[in-house]
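In case you want the letters, here they are:
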Amino acid sequence: MSDPILLKSARQIYLTYRELRSDTAEKPTGVAIHRLTCRGRLLFSKKPILLPLEEFIPIAEIESDESNFY
């Protein structure tokens, strides 16, 4: 389980993507999130390459906890 703060940030990035790009069929594999700044980016690769201090949060973890976000 990821750090709750990082998970919240990753979820917000993903929800914003879903709102703005509801027409796209491509689903991300997860979010790469920087551990210090909580800034992140969606990833679509099955084998993501992370920068130093980034953590990968899989989309399954983001979606599984989505009901607790609201």
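See above for the structure.
Residues numbered from 1 in each chain as written. Predicted model: local features only at pLDDT ≥ 70, side-chain atom pairs only at ≥ 80, totals over all residues. Heavy atoms only, no water.

A.B. asks: Outline the sheet that holds strand S1 (residues 30–34), listing residues and values.
C.D. replies: Pairing is antiparallel across the open sheet formed by 3 strands, whose spatial order is S2-S1-S3. Every other strand in the sheet has two partners, leaving strand S2 (40–43) and strand S3 (54–58) as the edge strands with one partner each. Geometrically, the sheet is characterised by an average inter-axis angle of 25 degrees between neighbouring strands, direction not taken into account. In this sheet, S3 lies alongside S1 in antiparallel orientation, the contact comprising 5 bridges. Looking at S3, one finds that Ala 32 is bridged to Phe 56. This element, helix H1 (residues 4–20), spans S1, S2 and S3 of the sheet and lies at about 130 degrees to S1. (Pairing = 2+ DSSP bridges. Helix = DSSP H or I, 4+ residues; strand = E, 2+ residues; numbered from the N terminus. Axes fitted to C-alpha atoms, helices over the stretch in contact; angles between N-to-C directions. Contact = heavy atoms within 4.5 Å.)

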